[in-house]
Amino acid sequence: MRYLPLTDEDRAKMREAIGVATIDELYADVPKDVLLKAPLDLPRGAPEMEVERRLAALARENVPASRAFLGAGAYRHHIPASVDHLIQRSEFLTSYTPYQPEISQGTLQVLFEFQTQVAALTGMEIANASMYDGSTACAEAALMAHRLTKRRKAVLSGGLHPHYAEVVRTISRFAGDEVVTLPPDIFAREDVAAHIDADVSCVIVQTPDVFGNLRDLSPIAEACHAEGALLVAVFTEAVSLGLLTPPGAFGADIVVGEGQSLGNPLSFGGPYVGLFATKREHLRQTPGRLCGETADADGRRSFVLTLSAREQHIRRDKATSNICTNSGLCALAFSIHLTLLGETGLRRLARANHASAVRLAERLAPIAGVDVLNDAFFNEFTLRVRGDAAALVETMAARGVLAGVPVSRLLPGAGLDDLLIVASTEVVTEADRDAFVAAIEGAL
Amino acid sequence: MLDHANHPAAPETFSGDRGLDHEEPLLFEIGRADVTGVDIAEPEPFASRLGALERKGPIGLPGLTEPEAVRHYIRLSRKNYSIDAGLYPLGSCTMKHNPRLGEKMARLDGFADIHPLQPQSTARGALALMEELSRFLLALTNMSAVALSPKAGAHGELCGLMTIEAALRARGEARTRRTVLIPQSAHGTNPASAALLGFEVRAIPAGEDGIVHADAVAAALDDSVAAIMLTNPNTCGLFERDVVEIARLVHEAGGYFYCDGANFNAIAGVARPGDMGVDAMHLNLHKTFSTPHGGGGPGAGPVVLSARLARFAPVPFLLREGGELRLVEHANETQSLGRLTAFHGQMGMFVRALSYLLSHGGDGVAQASRDAVLAANYLRARLRDVMTQPFGDRICMHEALFDDSFLKGTGVTTLDFAKAMIDEGYHPMTIYFPLVVHGAMLIEPTESESKSSLDRFVSTLRALAESAKRGETERFTQAPRHAPRRRPDETAAARKPVLRWRG
């Protein structure tokens, strides 16, 4: 087997050194009746070429998202070739969490740079070294707000991605915390402040929201702070921060988001990278790994994982979070892409996205049976279509256009079956827009 | 050779670099806000729809052109140890070879470029792949169902404990059963996960032989117990001999058996957790099934479930109805515990893990486990006369545990010993874990090492142990001297945290 270097001769010599006649003897502690007597009913090993054929055949059964207008939490962007090359460097790809800083300065410096980039992008003071994804970061933010305020009730905006809301509700239900979920807020008109009382630990609001609306968070931040609650700001499209006022400037206390848009492919939903930023005063209640600067024995600048007294491997049942493995390589991809873009490139990329969505909205607006619902948006907006949006998407898919995410996919039974969330990023061409228009006109 | 201790930061060269060992400034010291490494055309004029929410002022993000960026990250990469470059014996982490076929397959357009919310009818291959991976995982564990969505081992622990609580709710016992039994040798994530869900953690002691005995479990059981969390093989590298009896006792007392599957690499294809009475167990695809650790993730932590727990699995889950495969994405009208993450789990890792499993096949997986156990025992046998084992000289599973008794009186600590290994060109083993063993050194060589690689590692460790005993303390206390950095001041880092660059 190509991954196993030991030969039968090696194995024999090793058994001899150990003092056993067979490898079975090494399993003497396993109760006899649970040791497998016969090989499992599984396929036998296969050469690389065969495995490749097999998996390529499965891959061909999927329709890649080129000519796709799908968003709602995951976005298709162009990834510079150097990003994927660099993250495949063995030293990044095949290293463990940097527990031995002397031989992990590469990963550690990247994390320090990543934390700085995330803090700058979100307009916050500090950021951690990444979470699993935006939705789990969102749940961790609610738990952190509970710890900070010693209250246990979260209010979720009706513009929060329904899957994020579900993740928060799931963990809260088991942790014994209360959650108030506001009804779907298609036009960004809800009055969140009316739901903040002295029991509320945090309000969780997304902008751009799941319907694509842009929200001014300042009044919500004020309303939160007046009642001693915290504002958790969420974004699922990191590129939007190139053009939009960052949550930090609105007075958000914790900012969480999905970083997939930069450097990471869609990959059917994972692996992605959760971004987590907050105020410096909340440092010790922050979940996840933190990388800090220090000096080595020769006085040279060095980086280490720090404040681990918050973490599970030290504090065990008193830890701020149970997180161990996070999303290191995806954070690296995010960081490299953002380094390549820089401020200038990120702004341009954001403008290109906004322009792409504005053009699509302009092309769709005149079509009978289609209404663009949003007033302000970034690269994603919601359409009201004649008939059932999910059926429309299936029909358009048959014509080679993946038209968007029907709201009923996220919120079945909410009576929003005629809504379609459509995203248009920089990868969408004029020909794609033509195809979209032709397909939707044909399908309606 | 220059004595660093007496000449702090003494430059040996004019540039500050040494041969292939380059210093690399921070991105923020070399990048410029007006530079970009991505050519993006300015869009044609258009009417903005941002309203009043457009960003004002600079962001603070420097850019690099492509050649500068490539050099920056290549130079940084060279400051990392990696499994590709050397043996990485971190106990409980299973740093095995990461086949490049997995990388190639995960990058096929049909896997990398598919959106989690595109119509399921356009992602049939993805669902089929998830089903096939599930089939392998269920066959290897003899369990009833698998929840694929957990993002890592600790996330899987949450998932498993939630399914257990959901089952207790269905029985009307969720309020009274609030205790989780956890041995002191467990990974820190176990008590952290239990506490996060509001469970009380009750520690159970291990015997002098390093394993948990059925009578200790029996003594800790009462009708407040929701579950036991047991790692098997355990973190001392030993198989929990009483596992079947422990499972029986826990079930009899109305509790469930959660198994931490971090150490599955010892028994995959050799014995199945389902035959030992396990109700829920996470599998770390980034350990046993070779997906790369990536410097700290992404992982993937699918949870296999017994028939008693299967119906409480989180959404989304796969359902095959009349030949048609679909993902059930909403919990309504099911007994599912709900949703744990935005989408369907770590698809990119599923592709890599399945690529590994198809390559190995059932026979290869069993051989890999047996080789991993053989390699650990070989190291144990070759080191037992110079290093000390906390539970006597006995067979181990896929990792060999030593304590620091052999360093007694030498002035060398476990940490010093580990740092000296760095100078010898090795990543240290896991140290000071499990907490129940003094100065623990947990060595997991995995099946990926050749005999000559193991032999070389043995002679290095033997030489170090003998050197420590000879009183050559400085070799250890001053180590590492040949790494990109010497020991960093971790106390200063924690006392005055600097977590971002400030110009």
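Residues numbered from 1 in each chain as written. Chains lettered and ligands numbered in written order. Predicted model: local features only at pLDDT ≥ 70, side-chain atom pairs only at ≥ 80, totals over all residues.

J.: What's the story with the overall build of chain B in this structure? I'm lost.
T.: The secondary structure content of chain B amounts to 14 helices and 12 strands. What you see for chain B is a C-alpha radius of gyration of 26 Å, in line with the 23 Å of a compact globule of 503 residues. Overall, chain B is about 75 × 70 × 45 Å in size when its C-alpha atoms are taken along their principal axes. By the burial criterion, 60% of the 503 residues in chain B qualify as buried. Within chain B, contacts between residues at least 6 apart in sequence are counted, and of these 73% link residues at least 24 apart. (Helix = DSSP H or I, 4+ residues; strand = E, 2+ residues; numbered from the N terminus. Rg over C-alpha atoms; globule rule 2.2 N^0.38 Å. Buried ≥ 20, exposed ≤ 12 C-beta atoms within 10 Å, placed from the backbone. Contact = placed C-beta atoms within 7 Å.)

J.: I'm lost on the domain arrangement of chain B in this one. Help?
T.: By convention, interface size is frequently given as the accessible area that disappears when the constituent parts associate. Residue and element names in this part refer to chain B. For chain B, the assigned domains read domain 1 (20-29 + 62-81), domain 2 (101-357) and domain 3 (369-491). Taken together, the contacts link 18 residues of domain 2 with 19 residues of domain 3. Looking at the side of domain 2 that touches domain 3 residue by residue, the class counts come to nine nonpolar, eight polar and one charged. (Domains from an automatic or database assignment. Nonpolar A, V, L, I, M, F, W, Y, C, P; charged D, E, K, R; others polar.)

J.: Looking at this model, I keep getting lost on the interface of chain A and chain B. Mind explaining?
T.: Residue-level contacts link 171 residues of chain A with 179 residues of chain B. Ranked by residue count, the leading element in the side of chain A that touches chain B is helix α11 (residues 328-364) of chain A, at 22 residues. Grouping the amino acids of the side of chain A that touches chain B by side-chain chemistry returns 88 nonpolar, 48 polar and 35 charged.

J.: Can you help me understand the nonpolar core in this one?
T.: Counting 313 residues, the largest nonpolar core has V203, I204, V232 and A403 of chain A as the members making the most contacts within it. When residues in this core are grouped by element, the largest group, 21 residues, is from helix α10 (residues 347-383) of chain B. (Core = buried A, V, L, I, M, F, W, Y, C linked by C-beta atoms within 7 Å.)

J.: Would you explain the domain arrangement of chain A in this entry?
T.: Residue and element names in this part refer to chain A. Taken domain by domain, chain A holds domain 1 (81-337) and domain 2 (343-443). Relative to domain 2, the C-alpha centre of domain 1 lies at a distance of 28 Å. Contacts between the two partners involve 16 residues from domain 1, matched on the other side by 21 residues from domain 2. Considering only residue class, the side of domain 1 that touches domain 2 consists of 10 nonpolar, five polar and one charged.

J.: Just checking my understanding: could you explain unusual backbone geometry for this structure?
T.: For residues other than glycine, phi is negative in most cases, and the peptide bonds are mostly trans. With an omega dihedral of -5°, the bond running from N232 of chain B to P233 of chain B counts as a cis peptide bond. Note on placement: P233 of chain B falls in the loop between β4 (225-231) and α9 (243-252). Residue P434 of chain B is bonded to the preceding F433 of chain B through a cis peptide linkage, with omega at 0°. Mapped onto the elements of the fold, P434 of chain B is located in the loop between β11 (430-431) and β12 (441-443). The phi torsion at S267 of chain A lies on the positive side, around 45°, for a residue other than glycine. If you trace the backbone, S267 of chain A turns up in the loop between β6 (254-258) and β7 (274-278). Classification of S267 of chain A as buried rests on a count of 27 C-beta atoms within 10 Å. Within the chain, T446 of chain B stands out as a residue other than glycine whose phi angle is a positive 65°. If you trace the backbone, T446 of chain B turns up in the loop between β12 and α12 (451-469).

J.: Can you walk me through helix α14 (residues 430-443) of chain A in this structure?
T.: Because an α-helix completes one turn every 3.6 residues, residues spaced three or four positions apart along the sequence face the same direction. All names here are of chain A. For α14, spanning 14 residues, the distance from its first C-alpha to its last is 20 Å, which sits close to the expected 20 Å at 1.5 Å a residue. Where α14 is concerned, the buried positions are F436, A439, I440 and A443. Each buried residue of α14 sits inside an arc of 95° when the element is viewed along its axis, so together they form one side. Along α14, exposed side chains directed more than 90 degrees from the buried face belong to E430, A431, D434 and G442. Packed against the buried residues of α14 are α11, β10 (370-372) and α12 (389-398). (Expected span 1.5 Å × (residues − 1). Arc of directions from axis to C-beta.)

J.: What's the story with the environment of I204 of chain B in this structure? I'm lost.
T.: Residues and elements named next belong to chain B. Inspection of the secondary structure assignment puts I204 in strand β3 (residues 200-204). The buried category is assigned to I204, around which 21 C-beta atoms lie within 10 Å. Sequence separation of I204 and L181 is 23 residues, and the distance between their C-alpha atoms is 6.4 Å.

J.: Teacher, can you tell me more about the confidence of the model for chain B here?
T.: Detailed reading of predicted coordinates is not advised where the pLDDT is low. When pLDDT is averaged across chain B, the result is 96; 98% of the residues are at 70 or more. Confidence drops under pLDDT 50 across residues 1-8 of chain B; counting only partners more than four residues distant or on other chains, this segment forms nine contacts. (pLDDT = per-residue confidence, 0-100.)

J.: Even after reading the chapter, I still don't get the packing of α10 of chain B against α12 of chain B, so can you show me in this structure?
T.: Two numbers describe a pair of packed helices, the interaxial angle and the distance between the axes. Residues and elements named next belong to chain B. Where α10 meets α12, the closest approach of the two axes is 10 Å, and the angle between their N-to-C directions is 35°. The handedness of the crossing between α10 and α12 comes out as right-handed. Contacts from A375, Y378, L379, R382 and L383 in α10 reach L454, V458, L461 and R462 in α12. Residues of the contact of α10 with α12, tallied by class, amount to seven nonpolar, no polar and two charged. (Axes fitted to C-alpha atoms, helices over the stretch in contact; angles between N-to-C directions. Left-handed = near helix turned anticlockwise from the far one by under 90°.)

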